[in-house]
Amino acid sequence: MIQVAVYTSDMTTPVLDRVITPVVQNLRFATRLPGGFTECSFNLRMDINRAWQWLSCKILYRVLITKNQRIVFDGRIEDITLTRGSVGVAAYGYYANLTDSPYNTAYADV
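Below you will find a few notes about this structure. (Residues numbered from 1 in each chain as written. Predicted model: local features only at pLDDT ≥ 70, side-chain atom pairs only at ≥ 80, totals over all residues. Heavy atoms only, no water.)

## So, the overall build of the chain
Secondary structure summary: the chain contains one helix and seven strands in total. In the chain, the succession of helices and strands from N to C terminus is β-β-β-β-α-β-β-β. Classification of the 110 residues of the chain by burial places 35% in the buried group. Nonlocal contacts in the chain, meaning residues at least 24 apart in sequence, comprise 46% of its contacts between residues at least 6 apart. When the accessible area of the chain is evaluated, it comes to approximately 7,500 Å², of which 52% is carbon and sulfur surface. (Helix = DSSP H or I, 4+ residues; strand = E, 2+ residues; numbered from the N terminus. Buried < 20%, exposed > 50% of the residue type's maximum accessible area, 1.4 Å probe, protein only. Contact = heavy atoms within 4.5 Å. Areas by Shrake-Rupley, 256 points an atom, 1.4 Å probe, with all protein chains shown as cover.)

This is the structure:
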C-alpha cells in the first residue's frame, strides 16, 4: 500500500505534518538511479481555504512516499498551483538538486 506523508522543512529534526494519502490524486514520481529521486507530482482535493494554506505554508516541506514500509520517493515541495477544486503539487527529489546552478555575485551594492 502506498502512503504519502508530508514532513516539516527542518531536515535535522523532521516532524510529521500530515499523512495526505486520502486526498492525493494523479500521483506520479520518478527516479534516475537507485535512490536517485527526481520528481513527483500530484493533485490534492481540498477546499479553497485549505488550498491557500498549502500555497502559503508548505513550500520546501518534505514529501515522503512509501510502499510497504519501503521509501519510493523522498523530496521537497517546490511548486504549488491552485486549480478549480484541487491543488497541484510538484516536489523534486534530492537527486534533482545536482542540476541546480550556483548563483554567484561579483559585486555588492550594499
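## Re the environment of Leu44
Along the chain, the position of Leu44 falls in strand β4 (residues 37-45). Relative accessible area serves as the criterion here: at 0%, Leu44 is assigned to the buried category. Those residues within four positions of Leu44 in sequence are excluded, and the remaining contacts are Ile20, Val23, Val24, Trp54, Gly85, Ser86, Val87 and Val89.

## Side note on the packing of aromatic side chains
By convention here, two paired aromatic rings are described through the distance between centres and the angle between planes. Scanning all chains against the criterion turns up two aromatic pairs. Between Phe29 and Phe73, the aromatic rings sit 6.4 Å apart at their centres with planes inclined by 45 degrees, giving tilted as the arrangement. Within this pair, whereas Phe29 is found in strand β3 (residues 24-31), its partner Phe73 is found in strand β6 (residues 70-83), the two being separated by 44 residues in sequence. On the basis of relative accessibility, which here comes to 33%, the residue Phe29 falls in the partly exposed class. What makes Phe73 buried here is its relative accessible area of 0%. (Phe/Tyr/Trp six-rings, centres within 6.5 Å; stacked < 30°, edge-to-face > 60°.)

The analysis is restricted to geometry; functional conclusions fall outside its scope.
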